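This is what each chain is made of:
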Amino acid sequence: MLRRFDGTAIARRARCVTMALLCAALGACATMSELSEQVGAGGSAAATARADHAEQLYADGQLDQAANEFLALAAGARGDAAAHYRLRAAEVLRDRGDLDGAARALGDIKRRRLRGDEPQRLDLLDAEIAIRHGDIGQADALLAGLGDDPSEAVRIRALELRARADLARGDRFASARSRAVLDRDLAGADREQNRRQLVEALAGLDVDALRGGAERLAADDALRPWVEQALRGKGQPLPRALPKPSRPVGTMQPGGNGSLENEGYRTLHQVALLLPLSAQFATVSQSIRDGFLTAYYSDARERRPELRIYDSGRTPADAIAAYDRAVADGADHVVGPLQRESVGELFHQSLRARVLALNHPDTGEVPPPGSAEFGLLPDAEGAQVAERMIARGDTRAAILAANADWAERAARAFRAQFEAAGGMVVGETRIPDKDVNFSTPILQATGTLGSGADAGVFVSMRPQQARLLLPQLKVAGVNVPVYATSHVYSGDANAALDRDLDGVEFCDAPWLFGSIPGRPDRNRVATRVDTANGLGGRLFAFGMDAYALLPYMDWLLAHPDSYLNGATGELTADNFGRIHRLVGWARFQNGIALPVDGALDSAPLQQ
């Protein structure tokens, strides 16, 4: 059949897949000693030299010259050698964006003349041509015929073509799934291009199609984070599969020479902490930095890792430059950056040192293998409040949230989790910061809630707004339990101001309310370090946990049933390198936030 190609598409495609195929082609060149018998001993050395020159032209990006050289070699050769040169010329022309020229180069090439993985590479070309012509059945047959154990280059190329074939037949979900698998094999511009196409494929699906596809995915399917992000972007987040870890890290195990060692502990050598130290982020960064340093200097081990702190600047480019400086200085573990955009951009790079990012990117990408992301997410808190209410028997809920991005994320996550668990949201509303009379939004959200034993209110707002809300709920006759995210607590005891919040139960970092084994006492630290007070206390605990996670990162990533008892909650990891925290619970009593039931309960109640 006539072989054609979409030159515009390949011109946009990143070079990594092409270079992988180059490796395969260069491997095929190693068979030239066999081919030389067919072109004559006198010409074999010259032909080999010309072939090496053609490959170098290709590597240098001089595709026209490389293709012409391969075609000239094919014209002067016979048998297997001619077939080999024609295939290489066709591959180069395809990478140039000229599939029609590639088809002409292949001509009537005989499959039996090809060696090694060359028949598979011919099938890949023919599959691409079939896709170009809309013959998806032919493309499927060619890709299915590649065998169960293709070379790495062939496997990667086949994945990309399967994604294109699925998209051409209208199966956007399957196309995205192939690209999600392919994502781990790419880097740099290649990964960026693949991710754009993955996101575009999912963007073309409606909410029902995304949800239906997600239900068919295994919990560890590589596509799941991308589907989650696509649904969040449409304002319809998926309910979370909350971890249920049962095995603490660090239990003492027999080590070498009869000593005892902490299970899962890995010795660190040089750690870099990347934080944006400019005025815009100074307050947040200082609390995280001081928490990190407190944990570092409280480390009782004989040999702490060397620690260096770098300013990650304001932009993703600044953060990547800081990462490169840290690695050049010898860092084997990098903590940071903090801004979501910088985290996402760093994950696009080929990482030479492991990263514990201090945020989650807004896109669906996950950390490269061996790295992780850790953050204080309002979405996670909203989901855990929903689980808490369901466990308490509150199956009908009203939602009242601030008119802010973080509150919106928490509210949407709450609703998704609550309804997935069998609860019903009877109403919800958003309240602007400047409003002081909440009678109308309260009526909108709670009008049909009633005061039954199965009812509750979910609140996601700052303390100042919540202090206005709670008395007005009582005036409106809404006498049901109220649950909130950590944002409702200022971080410091203030009985005079918080008395209006009495009875509100909320999730937060357990370290704010009591002692955590292995962490310095919060009350003692707060008298010495200003950044551990107020709203900074939560970030201070976050910094301490970032340091505590580092030596156990590998273990947690490999053992999802394990957890680290952290200052911000019980910390565990999933198969995608995301650190999750099971929060603690507190309740306002006489204006003071106290641990629920007098204990630092960091797990949902059991039904």
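Residues numbered from 1 in each chain as written. Predicted model: local features only at pLDDT ≥ 70, side-chain atom pairs only at ≥ 80, totals over all residues. Heavy atoms only, no water.

### Let's talk about the overall build of the protein chain
Threshold: Secondary structure elements are taken from DSSP: a helix is a run of H or I of four residues or more, a strand is a run of E of two residues or more, and numbering for both begins at the N terminus. Throughout, a contact is declared for two residues whenever any of their heavy atoms are within 4.5 Å. In short, Shrake-Rupley with a 1.4 Å probe defines the accessible areas, and a residue's cover is counted only from the protein chains shown.
Per the secondary structure count, the protein chain includes 25 helices and 18 strands. Across the protein chain, contacts joining residues at least 24 apart in sequence account for 67% of those joining residues at least 6 apart. Total accessible area on the protein chain stands at roughly 25,500 Å², and carbon and sulfur atoms take up 49% of it.

### A closer look at the packing of aromatic side chains
Threshold: To pair, rings of Phe, Tyr and Trp, with the six-membered ring standing in for Trp, must have centres within 6.5 Å; the planes then decide the type, stacked if under 30 degrees apart, edge-to-face if over 60, and tilted in the middle. A 1.4 Å probe rolled over the protein chains alone gives each residue an accessible area, and that area as a share of the maximum for its type sets the label: buried under 20%, exposed over 50%, partly exposed in between.
Within this structure, the stated rule accounts for 13 aromatic pairs. Seen in terms of ring centroids, Tyr 265 and Tyr 552 are 5.7 Å apart; in terms of plane orientation they differ by 75 degrees. Their pairing is edge-to-face. Highlighted residues: Tyr 265 in the loop between strand 3 (260–262) and strand 4 (270–275) and Tyr 552 in the loop between helix 24 (536–549) and helix 25 (553–558), separated in sequence by 287 residues. Owing to a relative accessible area of 26%, Tyr 265 belongs among the partly exposed residues under this scheme. Measuring from centroid to centroid gives 5.0 Å for Tyr 296 and Tyr 297, while their planes differ by 80 degrees, and the two rings are edge-to-face. One aromatic cluster is present, formed by Phe 292, Tyr 296, Tyr 297 and Tyr 547 through successive ring pairs.

### What about the sheet that holds strand 11 (residues 455–460)?
Put simply, the rule is: Here, any two strands with at least 2 DSSP bridges between them count as paired. Fitted lines through C-alpha atoms serve as axes, helices being fitted only where they are in contact, and the angles separating the N-to-C directions of these axes extend from 0 to 180 degrees.
Strand order in the open sheet formed by 7 strands is 10-9-11-12-13-17-18, and the pairing between neighbours is mixed. Single-partner strands in this sheet number two, and they are strand 10 (424–431) and strand 18 (592–595). For this sheet, the mean angle separating the axes of adjacent strands, direction not counted, is 25 degrees. Where strand 9 (residues 396–402) meets strand 10, 7 bridges bridge the pair, whose relative direction is parallel. Residue pairing for strand 10: Ala 401 is matched across the bridge by Arg 430.

### Details of the pattern of salt bridges
This is how it is decided: For salt bridges, the criterion is a side-chain nitrogen of Lys or Arg within 4 Å of an Asp or Glu carboxyl oxygen.
Applying the stated criterion across every chain, the model contains 48 salt bridges. Of the charged contacts, one joins Glu 152 and Arg 155 as a salt bridge, the two residues approaching to 2.7 Å between their closest N and O atoms. Taken together, the residues Glu 152 and Arg 155, both in helix 10 (residues 152–168) and 3 residues apart, mark about one turn of the helix. A single network of salt bridges, built from pairs that share partners, joins Glu 408, Arg 412, Arg 415, Glu 419, Glu 428 and Arg 430.

### Side note on the side chain of Thr 485
For Thr 485, the position within the fold is in the loop between strand 12 (482–484) and helix 22 (495–498). For Thr 485, a relative accessible area of 0% gives the class buried. Among residues more than four places away in sequence, those in contact with Thr 485 are Glu 381, Gly 382, Ala 410, Phe 458, Val 459, Ser 460, Phe 506 and Cys 507.

### A closer look at the confidence of the model for the protein chain
Put simply, the test is: In predicted models, pLDDT denotes the confidence assigned by the predictor to each residue on a 0 to 100 scale.
When pLDDT is averaged along the protein chain, the result is 87; 89% of the residues meet or exceed 70. Here residues 1–43 scores under 50 on pLDDT; set against residues more than four positions off or in separate chains, the count is 92 contacts. Between residues 599–607, whose pLDDT stays under 50, and residues either more than four places distant or in other chains, the model counts 22 contacts.

### Examining helix 24
Convention followed: Any helix carries an expected span of 1.5 Å times its number of residues minus one.
Under the 1.5 Å per step criterion, the end-to-end length of helix 24 is 20 Å for 14 residues, consistent within 8% with the ideal 20 Å. By the criterion of burial, helix 24 is predominantly enclosed, with 13 of the 14 residues buried.

### Some words on the layout of surface pockets
For clarity, the cut-off: Cavities and pockets are found on a 1 Å grid laid over the protein atoms alone: a cavity is a set of points where a 1.4 Å probe fits but cannot escape, a pocket is an open set with protein on both sides within 12 Å along at least five of seven lines, and a lining residue has an atom within 4 Å of such a point. Grid points are joined across faces, edges and corners, and a volume is the space filled by probe spheres set on the points. Residue polarity is assigned by list, with Asp, Glu, Lys and Arg as charged and Ala, Val, Leu, Ile, Met, Phe, Trp, Tyr, Cys and Pro as nonpolar; anything else, Gly included, falls into the polar class.
One number sums up the size of the largest pocket: a volume of about 1,100 Å³. Glu 228, Arg 232, Arg 240, Arg 578 and His 580 are the residues nearest the centre of the largest pocket, which is lined by 46 residues in total. Of all the elements in the fold, those that place two or more residues in the lining of the largest pocket are helix 14 (224–233), helix 18 (378–391), helix 19 (405–420) and strand 16 (579–582). No other element matches the 6 residues that helix 14 contributes to the lining of the largest pocket. There is about 830 Å³ of room inside the second largest pocket. Considering the residues around the second largest pocket, the lining is formed by 26 residues, among which Val 284, Asn 359, Leu 376, Pro 378 and Leu 539 are closest to the centre. Elements with a contribution of two residues or more to the lining of the second largest pocket: helix 15 (282–298), helix 17 (340–347), helix 18, helix 19 and helix 24. Of the residues assigned to the lining of the second largest pocket, the class counts are 12 nonpolar, 6 polar and 8 charged.

### Focus on the packing of helix 10 against helix 11 (residues 172–183)
Axis angle and axis distance: for two packed helices, these are the angle between their axes and the distance between the axes, and together they describe the pair. Quick note on the threshold: Note that the term roughly parallel is reserved for angles under 35 degrees, roughly antiparallel for angles over 145, roughly perpendicular for angles of 65 to 115, and oblique for everything else. For any pair of crossing helices, the crossing counts as left-handed if the nearer helix is rotated counterclockwise from the farther one by less than a right angle, and right-handed if it is rotated clockwise.
It is at 7 Å that the axes of helix 10 and helix 11 come closest, and there the two elements cross at 160 degrees. With respect to helix 11, the axis of helix 10 lies roughly antiparallel. When the axes of helix 10 and helix 11 are compared, the crossing they make is left-handed. Mapping the contact onto sequence places Ile 156, Leu 159, Glu 160, Arg 162, Ala 163, Arg 164, Asp 166 and Leu 167 in helix 10 and Arg 172, Ala 174, Ser 175, Ser 178, Arg 179, Val 181 and Leu 182 in helix 11. The class makeup of the residues in the contact of helix 10 with helix 11 is 7 nonpolar, 2 polar and 6 charged.

### Here's the deal with unusual backbone geometry
Negative phi is the rule for most residues except glycine; trans is the rule for most peptide bonds. Along the chain, Gly 336 connects to Pro 337 via a cis peptide bond; the corresponding omega equals 0 degrees. Along the polypeptide, Pro 337 turns up in the loop between strand 6 (333–335) and helix 17. If you check the backbone angles, Asn 590 has positive phi at about 55 degrees while not being a glycine. Among the structural elements, Asn 590 can be located in the loop between strand 17 (584–589) and strand 18.

### A closer look at helix 21 (residues 463–475)
Compared with an ideal rise of 1.5 Å per residue, which puts 13 residues at 18 Å, helix 21 spans 19 Å between its outermost C-alpha atoms and is within 8% of the ideal. Looking at the buried side of helix 21, the elements it contacts are strand 9, strand 10, helix 20 (439–446), strand 11, strand 12 and helix 22.

### Description of the pairing of strand 7 (residues 354–357)
Rule in force here: Seen with the strands pointing away from the viewer, any crossover whose path from the first strand over the helix to the second strand runs clockwise is right-handed.
As judged from the 3 bridges shared by strand 6 and strand 7, these two strands associate in the parallel manner. Within the sheet, the bridge partner assigned to His 333 lies in strand 7 and is Arg 354. Between strand 6 and its parallel partner strand 7, the chain crosses via helix 17, and the hand of that crossover is right-handed. Strand direction decides the pairing type here: strand 7 and strand 8 (residues 372–373), joined by 2 bridges, are parallel. By the bridge assignment, Ala 357 is partnered in strand 8 with Glu 373.

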